[in-house]
Amino acid sequence: MLRTTASRVLDDNDRDEVLALLDTDPVGNVFVASRVRSVGLNPARLGGQMWGFGPRGGLISVCYAGANLVPVNAGTDAVYAFADRARKQGRRCSSIVGPADAVRLLWERLEPYWGSARAIRWAQPVMVATEPSPVSPDPLVRRVRPEEFDVLLPACVAMFTEEVGVSPDAGDGGALYRSRVAELIRIGRSYARIEGGRVVFKAEVGAVTPQVCQIQGVWVHPDLRGRGHSVTGMAAVINHALDYFAPVVSLYVNDYNAPARAAYRRAGFVEVGTFMSVLF
């Protein structure tokens, strides 16, 4: 077994070094980087801890330990250190997500202590678009207005339940999820085509840094699938995101979701890496 050096809990004094590390892979690290840029490393604001591997001034890897456990730039020694801390702390996250190699090794170390996962997504291609979509965008896809929250929310719940396998209403009755949906609408990062009080297509820009923004929550009404709404809808979101948020638009998708992967490729995305997710 490799020698394991202990990880440490980082604070705002480490912010610049953490951001420099995150910027070495702006696409893969967009979620964690967006959190750190927004609120820093104080656990009360971050919604969890940031664990570091390596001394101050020589930081090698970090791991965001909040609602998700997200390893960053984590080789074997770093993964072992993060697994040690996570094992001793006990599971507090709803998922482990990140680069496939690191997540796979982290889960191998934690599964004997944490027990079985509810679901494992072994391969999730990471995709990016850096140019306007080659497809004509759907002109009816637009930012969702605050007064349309009640129209959008059922589509968001349906998407989450379909994707994750459980309802976001579990636990706190959905209060936190509703708050997040409302916040994305308020800050202009929720997009949809709404016709007759029904959501046809929707997507959100969930994480934003100066380099990259990440699309999440892509959904087409089940009665309207197979008609190209995902392609033209994504084209509209790509173009708007490039204009307003960042020069690179990213997302990740389950490898078995062949229709979605094909739609994203048609809309202008290319695959650049692989994530893995362990869901509890």
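Treat the numbers as computed from the prediction; the structure is a model and nothing was measured. (Residues numbered from 1 in each chain as written. Predicted model: local features only at pLDDT ≥ 70, side-chain atom pairs only at ≥ 80, totals over all residues. Heavy atoms only, no water.)

(A) Just the overall build of the protein chain, in detail. Check the secondary structure of the protein chain and you find nine helices and twelve strands. The globule rule puts the C-alpha radius of gyration for 280 residues at 19 Å, and the 19 Å found for the protein chain is close to it. For the C-alpha atoms alone, the extent of the protein chain along its principal axes is close to 60 × 35 × 35 Å. Out of the 280 residues belonging to the protein chain, those deemed buried represent 50%. Intrachain contacts of the protein chain at a sequence separation of at least 6 include 69% that bridge at least 24 residues. Entry remark: accessible area of the protein chain is about 12800 Å², with carbon and sulfur atoms responsible for 51%. A gap of 2 Å separates the mean positions of the 31 positive and 28 negative side-chain charges of the protein chain. (Helix = DSSP H or I, 4+ residues; strand = E, 2+ residues; numbered from the N terminus. Rg over C-alpha atoms; globule rule 2.2 N^0.38 Å. Buried < 20%, exposed > 50% of the residue type's maximum accessible area, 1.4 Å probe, protein only. Contact = heavy atoms within 4.5 Å. Areas by Shrake-Rupley, 256 points an atom, 1.4 Å probe, with all protein chains shown as cover. Lys, Arg positive; Asp, Glu negative; His and termini not counted. Charge placed at Lys NZ, Arg CZ, Asp CG, Glu CD.)

(B) Structural view of the packing of helix α1 (residues 15-22) against helix α2 (residues 30-39). In contact at an axis separation of 10 Å, α1 and α2 are set at 155° when each is read in the N-to-C sense. Between α1 and α2, the interaxial angle falls into the category roughly antiparallel. Seen along the crossing, α1 lies across α2 with a hand that is left-handed. Side by side, α1 and α2 meet where R15, V18, L19 and L22 of the first sit next to V32, A33, V36 and R37 of the second. Looking at side-chain class alone, the contact of α1 with α2 contains six nonpolar, no polar and two charged residues. (Axes fitted to C-alpha atoms, helices over the stretch in contact; angles between N-to-C directions. Parallel < 35°, antiparallel > 145°, perpendicular 65-115°, else oblique. Left-handed = near helix turned anticlockwise from the far one by under 90°. Nonpolar A, V, L, I, M, F, W, Y, C, P; charged D, E, K, R; others polar.)

(C) Examining the packing of aromatic side chains more closely. Under the criterion given, the structure shown has seven aromatic pairs. Taking the centre distance of 5.2 Å and the plane angle of 65° together, the rings of F160 and Y177 count as edge-to-face. Note that F160 is positioned in helix α6 (residues 149-164) and Y177 in helix α7 (residues 175-186), a separation of 17 residues in sequence. Overall, the relative accessible area of 23% leaves F160 in the partly exposed class. (Phe/Tyr/Trp six-rings, centres within 6.5 Å; stacked < 30°, edge-to-face > 60°.)

(D) Molecular detail of the environment of P26. Relative to the helices and strands, P26 resides in the loop between α1 and α2. Between the C-alpha atom of P26 and that of L105, which follows or precedes it by 79 residues, the distance is 22 Å. Look past the residues within four positions of P26 in its chain and what remains in contact with it is Q211 and V212.

(E) Geometry of the pairing of strand β8 (residues 190-195). The sheet contact formed by strand β7 (residues 142-143) and β8 spans two bridges and is antiparallel. Of the residues in β8, the one forming a bridge with R142 is A192. Bridging between β8 and strand β9 (residues 198-208) involves six bridges; their strand directions are antiparallel. Residue pairing for β9: Y191 is matched across the bridge by A203. Hairpin connection between β8 and β9: a loop of two residues separates the two successive antiparallel strands, and G196 in this loop has a positive phi of roughly 55°. (Pairing = 2+ DSSP bridges.)

(F) Structural view of the sheet that holds strand β10 (residues 212-220). The twelve strands are arranged β1-β2-β3-β4-β5-β12-β6-β11-β10-β9-β8-β7 in an open sheet whose pairing can be described as mixed. Bordering the open sheet on either side are β1 (8-9) and β7, each of which pairs with just one other strand. Bridging between strand β5 (residues 95-99) and strand β12 (residues 270-279) involves five bridges; their strand directions are antiparallel. Looking at the pairing, I96 lines up with V278 of β12. Seen against the sheet, α6 touches β6 (119-129), β8, β9, β10 and β12 and runs at an angle of roughly 70° to β9. Sheet strands in contact with α7 are β8, β9 and β10, and its direction is about 85° off that of β9.

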